[in-house]
Amino acid sequence: MIRTTFVAAAVLALAAGPAMAQQKTVKIGFISTFSGPTAVIGNDMRNSFELGLDHLGRKLGGLPVEVIYEDDTQKPEVGVQKTQKLIESDHVDFIAGYIWSNVLLASLKPLVDSKTITVVTNAGASKFAGELCSPYVFSTSWQNDQTPEAMGLYMNQKGVKTAFLIGPNYAAGKDMLAGLKLTYKGQIVGEEYTRWPDQLDFSAELSKARSSGAESIFVFYPGGAGVQFVTQYVQAGLKGQIPLYQVFTVDELSLPRLKDLAIGIPGAQEWVNDLPNETNKKFVADYIAKYKLRPSYYGAQTYDAVGLLNSAVLAVKGDLSQKEAMRKEMEKADFPSVRGHFTYGNNHIPIQNFYLQDVVKEGDDYVLKTVATIVKDDQDRFHDQCPMK
Amino acid sequence: MAAPDRLWRRMLYFIEQCLNGVQLGMLLFLLAAGLTLVFGIMDLVNLAHGSLYMLGAYFAATFAVLTGSFVAAILLALAASLVAGVALEVVAIRRLYGRSHLDHVLGTFGLLLFFNELVRLVWGPAGMTLALPPQMLTAVQIIPGVYYPLYRLVIILAALAVAALLYLVVMRTRLGMLIRAGASNREMAGALGVNIKLLYTLVFGLGAALAGFAGVMQAPILTVQIGMGENIIILAFVVIIIGGIGSIRGAFVAAILVGLIDTVGRAFLPDLLRHALSTNAASTLGPALSSMSIYMLMAAILVFRPEGLFPAASR
């Protein structure tokens with residue numbers, strides 16, 4: 001008796017299978033940092049992802065969406081575990097997120113092996129753009145070297161003759177300094193890598209920069225470390241003496257804490273909140289209205305991931321088994337992006353503009369403004385090493 | 001002429017890096033002094049000491065917003081840290097006396113987690129900043145050719161003042177006499193009519209105020225954030241082991257030693273290694289080696305002088 005019940009249930013379940021597939025939800029795994037001092041970045045990404053879904057009526061290509069947010073705690077070993085969990089036990093259709101280059105590099109193998117369509121919304125390790133590129137992995141951000149390359153070009157324009165470089169000792173830190181060195185034509189008088197992420201006091205490095213006699217300092221410190229670096233740089237009385245040039249250090253997340261200290265420190269970025277396109281205006285205005293905060297580039301890139309995934313699901317009319325068709329559609333980058341239209345290179349890294357941005361005080365608010373376009377339609381220099389054509 | 005001039009500049013640079021080391025050492029001393037008092041006198045392993053440091057920093061940032069004055073914020077935060085320490089002792093720490101060290105570690109580790117969550121609930125996850133008054137944002141010339149950030153100089157001087165004050169309290173006052181009596185023989189001190197319970201509360205409160213003071217002083221340099229005390233407390237434990245548990249003088253000397261080794265190592269090791277290795281390998285190895293050197297010193301002390309550099313009177 002019991003056995004027949006089981007058999008009947010199994011038959012029923014089998015019969016119900018195809019019918020349920022029609023009602024399927026799109027399951028998305030989202031990996032970012034939601035605890036510890038860099039949780040502000042993860043929160044900005046989650047806020048933007050949620051806002052993107054709101055704007056699409058919480059549906060992708062007409063299918064209802066379920067998002068599973070996972071915290072990588074900024075550690076590669078945790079990131080890879082969470083990635084495996086999303087693939088193997090949650091059976092997600094897509095994965096998005098990843099702030100940190102080292103977390104992404106650790107998590108890349110399970111993503112590629114399982115052919116999970118993935119949208120990386122920040123990390124841009126050089127290997128990931130080159131030899132480790134994958135047909136199923138896309139980026140809505142950049143390759144790490146690109147932004148500092150733009151900064152180097154700007155420093156050439158300014159006629160900066162010597163520079164002292166400081167950055168954290170991990171995958172992205174090395175890429176960033178390498179990127180600057182590629183385009184910057186002046187002399188590099190010193191180069192320091194600091195322990196990451198636990199070194200927060202930069203007194204020794206700042207003393208070194210001062211005594212090197214460099215004309216400028218170039219720096220890359222994402223998240224809270226950026227606040228600490230700039231604060232200590234100003235406290236050391238260096239602001240009037242040695243101008244600071246930065247990438248990913250002064251942003252909408254650090255500005256409310258840096259305030260006046262950040263004024264006059266230029267940066268390079270592929271997205272600025274005042275880019276004059278309709279998608280961007282709506283994104284920024286609705287973000288501020290919903291969260292009472294200003295979105296950062298982390299959020300903007302993540303908002304674009306929603307549009308990109310939506311275009312993929314629309315193209316296959318909700319049949320998520322057609323991975324090949326979905327990734328072909330994604331290669332067109334045919335969706336309204338907050339940075340205006342961009343195209344994909346062979347390695348699935350955007351070919352896009354980079355802008356010069358400056359800090360401006362508006363009433364009690366500190367905001368970033370676009371000053372100029374430093375470079376148009378820039379493609380990363382690792383795409384040659386990517387075997388995909 | 002060029003060679004001596006270059007040498008002179010290297011010398012000045014070395015002095016500046018030593019000052020950075022002393023500044024870190026002073027911060028470690030403020031933390032280690034409280035830790036070593038509590039450990040030496042009350043025989044309590046307090047892993048939550050870093051939480052008091054974090055609380056001090058949060059108090060200072062909050063009072064700065066409320067009062068708008070930097071100095072008022074520091075003084076109020078100091079008082080609040082003392083009160084928090086006394087309250088913590090009365091409510092929780094008191095139940096741990098006379099139990100094994102494992103219980104101390106478990107209990108105070110629990111408190112550490114509790115404080116992290118408490119801070120998250122009260123102040124939110126984003127962290128805070130304590131802005132310095134604008135006139136502090138400058139470097140002063142201490143000797144010709146050496147510029148040093150004014151605020152870091154203030155930290156060194158303030159910590160030296162606290163060290164002197166602590167020395168006077170411990171060596172010259174009645175309270176200090178009781179503290180020393182408690183440190184050398186708790187039972188005897190109790191038998192002679194010293195109110196050990198009150199003494200413990202006071203010592204713990206004093207330790208909390210010192211940790212809070214360290215947090216207050218560090219708040220403008222680092223951002224005030226959850227878990228900010230966890231890395232630095234490990235260094236503070238290293239300091240009290242090197243200096244000798246229960247010895248304030250030992251903590252002072254060891255803190256400066258550890259601060260100097262860490263900073264000077266960080267500043268010069270990569271350059272030295274660069275002569276032998278590639279830039280990349282040197283800059284990876286340099287910070288790793290300099291942070292390791294502190295622990296190598298600790299290991300050497302444990303082998304050759306297990307009591308530490310300045311053992312407390314009796315054990």
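Cut-offs used in this document
- Residues numbered from 1 in each chain as written.
- Chains lettered and ligands numbered in written order.
- Predicted model: local features only at pLDDT ≥ 70, side-chain atom pairs only at ≥ 80, totals over all residues.
- Helix = DSSP H or I, 4+ residues; strand = E, 2+ residues; numbered from the N terminus.
- Rg over C-alpha atoms; globule rule 2.2 N^0.38 Å.
- Buried ≥ 20, exposed ≤ 12 C-beta atoms within 10 Å, placed from the backbone.
- Contact = placed C-beta atoms within 7 Å.
- Core = buried A, V, L, I, M, F, W, Y, C linked by C-beta atoms within 7 Å.
- Nonpolar A, V, L, I, M, F, W, Y, C, P; charged D, E, K, R; others polar.
- Pairing = 2+ DSSP bridges.
- Axes fitted to C-alpha atoms, helices over the stretch in contact; angles between N-to-C directions.
- Parallel < 35°, antiparallel > 145°, perpendicular 65-115°, else oblique.
- Left-handed = near helix turned anticlockwise from the far one by under 90°.
- pLDDT = per-residue confidence, 0-100.
- Expected span 1.5 Å × (residues − 1).
- Bend = angle between axes of the 7 residues up to and from the residue.

Chemist: Would you mind showing me how to read the overall build of chain A here?
Modeler: Assigned secondary structure in chain A consists of 13 helices and 14 strands. Computed over C-alpha atoms, the radius of gyration of chain A comes to 22 Å, within 12% of the 21 Å expected from 2.2 N^0.38 for 389 residues, which places it in the range of a compact globule. Among the 389 residues that make up chain A, the fraction classed as buried is 57%. Considering only contacts within chain A whose residues lie at least 6 apart along the sequence, 72% involve residues at least 24 apart.

Chemist: Explain the overall build of chain B here, please?
Modeler: Along the backbone of chain B there are 11 helices and 2 strands. In chain B, the order of α-helices and β-strands from amino to carboxyl end is α-α-α-α-β-β-α-α-α-α-α-α-α. Taken against the 2.2 N^0.38 rule, which gives 20 Å for 315 residues, the C-alpha radius of gyration of chain B at 21 Å falls within 12% of a compact globule. Overall, the C-alpha framework of chain B stretches about 70 × 50 × 35 Å when taken along its three principal axes. The buried share of chain B, taken over its 315 residues, is 48%.

Chemist: Would you explain the nonpolar core in this entry?
Modeler: What tends to happen in soluble globular proteins is that the nonpolar side chains get buried as a cluster. Residues and elements named next belong to chain B. Counting residues in hydrophobic clusters, the biggest one holds 218 residues, and the most contacted among them are Leu 28, Leu 31, Ala 32, Ala 60, Ala 236 and Val 239. Ranked by the residues each element gives to this core, the list is headed by helix α1 (residues 2–42), at 17 residues. Sequence-distant contacts of Val 239, that is, excluding residues within four places in its chain, are made with Leu 28, Ala 32, Ala 251, Ala 254, Ala 255 and Val 258.

Chemist: Honestly, the interface of chain B and chain A in this entry has me stumped. Any pointers?
Modeler: By convention, interface size is frequently given as the accessible area that disappears when the constituent parts associate. Facing the 33 residues of chain B at the interface are 28 residues of chain A. For the side of chain B that touches chain A, the residue count by class is 15 nonpolar, 15 polar and 3 charged.

Chemist: Mind showing me how you'd approach the sheet that holds strand β3 (residues 63–71) of chain A here?
Modeler: The pairing of strands in a sheet happens through backbone hydrogen bonds and is either parallel or antiparallel. All names here are of chain A. One open sheet accounts for 6 strands, arranged β2-β3-β1-β4-β5-β6; its pairing is mixed. Each edge of the open sheet carries a strand with a single partner, namely β2 (59–60) and β6 (137–139). Looking at chain direction, strand β5 (residues 117–120) and β6 are connected through 3 bridges and run parallel. What sits directly across from Val 120, in β6, is Ser 139.

Chemist: Explanation requested: the packing of helix α3 (residues 70–91) of chain B against helix α8 (residues 196–218) of chain B in the structure shown.
Modeler: Angle between the axes and distance between the axes: these two values describe a pair of packed helices. Residues and elements named next belong to chain B. Relative orientation of the contacting elements α3 and α8 amounts to 140 degrees, with a least axis distance of 7 Å. Taken together, the axis directions place α3 and α8 in an arrangement best described as oblique. Classified by chirality, the crossing of α8 by α3 is right-handed. Contacts between α3 and α8 involve Ile 74, Ala 77, Leu 78, Ser 81, Leu 82, Ala 84, Gly 85, Val 86, Leu 88, Glu 89 and Val 90 from the first element and Tyr 200, Thr 201, Phe 204, Gly 205, Gly 207, Ala 208, Ala 209, Gly 212, Phe 213 and Val 216 from the second.

Chemist: How should I be thinking about the confidence of the model for chain A in this particular structure?
Modeler: When pLDDT is low, close inspection of the predicted coordinates is not appropriate. Residue and element names in this part refer to chain A. Here chain A shows a mean pLDDT of 92. Residues at 70 or above account for 94%. Of all secondary-structure elements in chain A, the lowest mean pLDDT belongs to helix α1 (residues 2–22), at 49, while strand β9 (residues 216–219) reaches the highest, 98. Contacts from residues 11–21, a stretch scored under 50 in pLDDT, to residues over four places away or in other chains number 0 contacts.

Chemist: Would you mind showing me how to read the pairing of strand β1 (residues 26–32) of chain A here?
Modeler: Along any regular strand, the residues point their side chains to alternate faces of the sheet. Residues and elements named next belong to chain A. Burial analysis of β1 places 6 of its 7 residues in the buried class, which makes it a mostly covered element. Two elements, β1 and β3, share 7 bridges in a ladder whose sense is parallel. The residue of β3 that forms the bridge with Ile 28 is Val 67. Pairing of β1 with strand β4 (residues 94–97), which is carried by 4 bridges, proceeds in the parallel orientation.

Chemist: Looking at this structure, how should I read helix α7 (residues 171–183) of chain A?
Modeler: Three- or four-residue spacings in an α-helix give side chains the same orientation, since the helix completes a turn every 3.6 residues. Its 13 residues give α7 of chain A an end-to-end C-alpha distance of 19 Å, which sits within 8% of 18 Å, the value for a rise of 1.5 Å per residue. Against the buried residues of α7 of chain A lie α4 (101–113), α5 (126–129), α6 (146–158), β7 (162–168), β8 (187–194) and β9 of chain A.

Chemist: Which parts of the structure should I look at to understand helix α10 (residues 248–276) of chain B?
Modeler: Taking 1.5 Å of rise per residue, the 29 residues of α10 of chain B would be expected to cover 42 Å, and the 41 Å separating its terminal C-alpha atoms lies within 8% of that figure. Of all bends in α10 of chain B, the biggest is about 40 degrees, found at Gly 265 of chain B.

Chemist: Any chance you could explain the environment of Gly 182 of chain B here in plain terms?
Modeler: Residue and element names in this part refer to chain B. With respect to the helices, strands and loops of the structure, Gly 182 is situated in helix α6 (residues 174–184). Here Gly 182 falls in the buried class, since 21 other C-beta atoms lie within 10 Å of it. When the C-alpha positions of Gly 182 and Ile 221 are compared, they lie 36 Å apart, and in sequence the two are 39 residues distant. Those residues in contact with Gly 182, other than ones at most four positions away along the chain, are Ile 41, Ala 189, Val 194, Ile 196 and Leu 199.

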